[in-house]
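Coordinate analysis (summary)
Single-letter residue listing:
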Amino acid sequence: MGVRSVGARGQKIQRTDSYEEINSDEYNSDEDFENSDATVEGVPEVNAETAAEQRLRLATEAIGFLEQANLDNDDFFADTHFHTVTDKVKYRMQKEQGTLSRDFVEKLPEDFEVFQLRGHKNSCTGVSIDNEKNEAYSVGKDGAITKYSLKYPPTKIKTLKTGLGFFTCCQYFEALESLVVGADDGAIYVFSSELSSEEEPVILPVTYTHKKSITGLAKCKDMPSYLFSSGMDGVMKTWDLQSCSFIGEHFGHIAGITNIACLRTEQPVTVGDDHMLMVWKIEKGTHLELKAKTQYTLDAVTMLSDTVYVAGGQDGGLYVFNRKRKRPTCVRLGAHKIRTEEPETEEEQALLDIEGSLLPDKPSACWVSSLSNVPGTTNAFFSGSNSGAIRLWHRKLKKNGKPGLKCIRRVPVRGFVNDMSVKNDSTVLVGAVGRSHRLGEWQRVRNGVKNGICVVYLAEKDYITGMQEADMKKEEETEADDF
């Protein structure tokens, strides 16, 4: 059963106390999107909790948070200081809810350590991380699934050859210990985390699957068993993996959807061939249309927060959106443009040798093929392409007060970076690397490209090994307590 909806439109308003005119391309408030559901007359809202009960509950929660282990022992930003108990409780609550915003850029090491592991015979198209077991999964055009260990140094655990055709994307669900894989024929498969060759995968209802290739899979923290899928048929669908059932489909794009992303709430975002970014509100059956200033397809999307989104296009541009505006608040064209000017340092020369050797006859900007946010921060994200490097972008205000993007790191990686994922503690980045784009064979990069994953450690080696030793001690203590 389809759910059709139309995005809200603002009205033209002339302001006399401002230097700019607010027209229909800009939303005056968030009421157009947030307050779109109808109210039920005659049914008053009832709050069963009294003020005294609320104070008692909050005090109990605060004591519980303070009795937990010291934050500085297991937190990436161990030098966080708190002036009051209230600040510490608020910090802990935001961390548990996944709404904590940290300054990721200032805590980075001087150099990133990069490993590349071969895992597929054809291009790797998707990657996903198991944060609890510190493992990663990748899928490829060869129909294989490969499992890796992210413990320093990273290693390949096993490869499962399924023989099910062309895989385009994947998403791991910790709550179900299952890996969901999307295929080029529109099928969705659910594999167990063990990747046993004797166990047949679960196939979601064929009657409701996509009619064309699946281009993205996403999950949200609030609904750990919910799956969102997007396809080239222009439809976004919702599934319940707990019962392996179909929930509903949502229409809005007038062309194929190329990618999907979701964070904490049940509000995924999608991009497609119609140059649109759409924010979906599943509960109300509505969506918000945000248009990029480009005539090219948007290939990738990620969410920095529930209201800030980043899209990447085939024109090589990065487009930062805010839910309160229909147009991008910041545009960076040529984000992965191959350099032609003379390098200033030996490091730049080495990077230029990699970038320039890939596509010497096409010096124009390369497509932005993948994007990934950094959990716990809203001011940084990674972008991938076939330009020879993964780039880390810092979102901040310029001197004139307008928002801007600045590339602060470049990680040399040969080939197409078709997908990326960052671990929840912001210490490891995993990218899916292949010789061709995840959705086609328009271009191929052959020299020195490994079809597999690249693992980038975003913290110091001593810190990562120390975390691994602490995790091993916790596991031993848990096993001893169980025994």
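What counts and what doesn't
Residues numbered from 1 in each chain as written. Predicted model: local features only at pLDDT ≥ 70, side-chain atom pairs only at ≥ 80, totals over all residues. Heavy atoms only, no water. Helix = DSSP H or I, 4+ residues; strand = E, 2+ residues; numbered from the N terminus. Contact = heavy atoms within 4.5 Å. Polar contact = N/O pair within 3.5 Å; in protein donor to acceptor, adjacent residues only side chain to side chain. Buried < 20%, exposed > 50% of the residue type's maximum accessible area, 1.4 Å probe, protein only. pLDDT = per-residue confidence, 0-100. Disulfide = S-S within 2.5 Å. Pairing = 2+ DSSP bridges. Axes fitted to C-alpha atoms, helices over the stretch in contact; angles between N-to-C directions. 1 Å grid on protein atoms, 1.4 Å probe; cavity = no way out; pocket = protein on both sides within 12 Å on 5 of 7 lines; lining within 4 Å. Points joined across faces, edges and corners; volume = space filled by probe spheres on them. Nonpolar A, V, L, I, M, F, W, Y, C, P; charged D, E, K, R; others polar. Salt bridge = Lys/Arg side-chain N within 4 Å of Asp/Glu carboxyl O.

1. Quick word on the environment of Ser 370
Among the structural elements, Ser 370 can be located in strand S23 (residues 368-373). It is 9.1 Å that separates the C-alpha atoms of Ser 370 and Asn 259, two residues lying 111 residues apart in sequence. If sequence neighbours within four positions are ignored, Ser 370 has contacts with Ala 300, Phe 382, Ser 383, Gly 384, Val 417, Asn 418, Asp 419 and Met 420. Polar side-chain contacts of Ser 370 include one of 2.8 Å to the backbone oxygen of Val 417.

2. Quick look at the environment of Asp 471
Position of Asp 471 among the secondary structure elements: in helix H6 (residues 461-482). Judged by relative accessible area, which is 39%, Asp 471 ranks as partly exposed. Taking the C-alpha atoms as reference, Asp 471 lies 9.9 Å from Lys 133; in sequence the two are 338 residues apart.

3. Here we look at the confidence of the model for the chain
Considering every residue of the chain, the mean pLDDT works out to 80; 75% of them sit at 70 or more. Note that pLDDT drops below 50 for residues 339-344; the model gives that stretch 8 contacts with residues more than four away or on any other chain.

4. Section: the state of the cysteines
Scanning the entire structure with this criterion turns up 0 disulfides. Residue Cys 170 stays outside any disulfide, its sulfur separated by 7.3 Å from that of Cys 169, the closest cysteine.

5. A closer look at the sheet that holds strand S16 (residues 269-272)
The sheet built from 4 strands is open, its strands ordered S15-S16-S17-S18 with antiparallel pairing. Of all strands in the sheet, those with a lone pairing partner are strand S15 (257-261) and strand S18 (286-291), marking the two edges. Ignoring strand direction, the axes of neighbouring strands in this sheet form an average angle of 20°. By the bridge criterion, 4 bridges tie S15 to S16 in an arrangement that is antiparallel. The residue bridging Ile 260 from the neighbouring strand is Thr 270, located in S16.

6. Observations concerning empty space enclosed by the protein
The final tally for this structure, using the stated rule, is 1 cavity of 30 Å³ or more. There is about 90 Å³ of room inside the largest cavity. Asn 134, Leu 150, Lys 423, Asp 425, Thr 427, Val 428, Tyr 457, Ile 464, Met 467, Gln 468 and Asp 471 together form the lining of the largest cavity. Considering every element that reaches the lining of the largest cavity, the biggest residue donor is H6, with 4 residues. When the residues that make up the lining of the largest cavity are grouped by side-chain class, the tally is 5 nonpolar, 3 polar and 3 charged.

7. Things to note about the pattern of salt bridges
Evaluation of the coordinates by the stated rule reveals 7 salt bridges. Where Lys 237 meets Glu 249, a salt bridge forms, and the shortest distance between an N and an O atom there is 3.7 Å. On the criterion of sequence distance, the pair formed by Lys 237 in strand S13 (residues 235-240) and Glu 249 in strand S14 (residues 245-251) is long-range, its members being 12 residues apart. Both residues of the pair, Lys 237 and Glu 249, belong to the buried class. For Arg 264, the salt bridge goes to Asp 306, with nearest N and O atoms at 3.3 Å. You can see Arg 264 sitting in the loop between S15 and S16 and its partner Asp 306 sitting in the loop between strand S19 (298-303) and strand S20 (308-313), a full 42 residues away along the chain. By relative accessible area, Arg 264 is classed as partly exposed at 24%. Residue Asp 306 is classed as partly exposed on the basis of its relative accessible area of 22%. Taken together, the shared-partner salt bridges in this structure form one network comprising Lys 141, Glu 441 and Arg 444.

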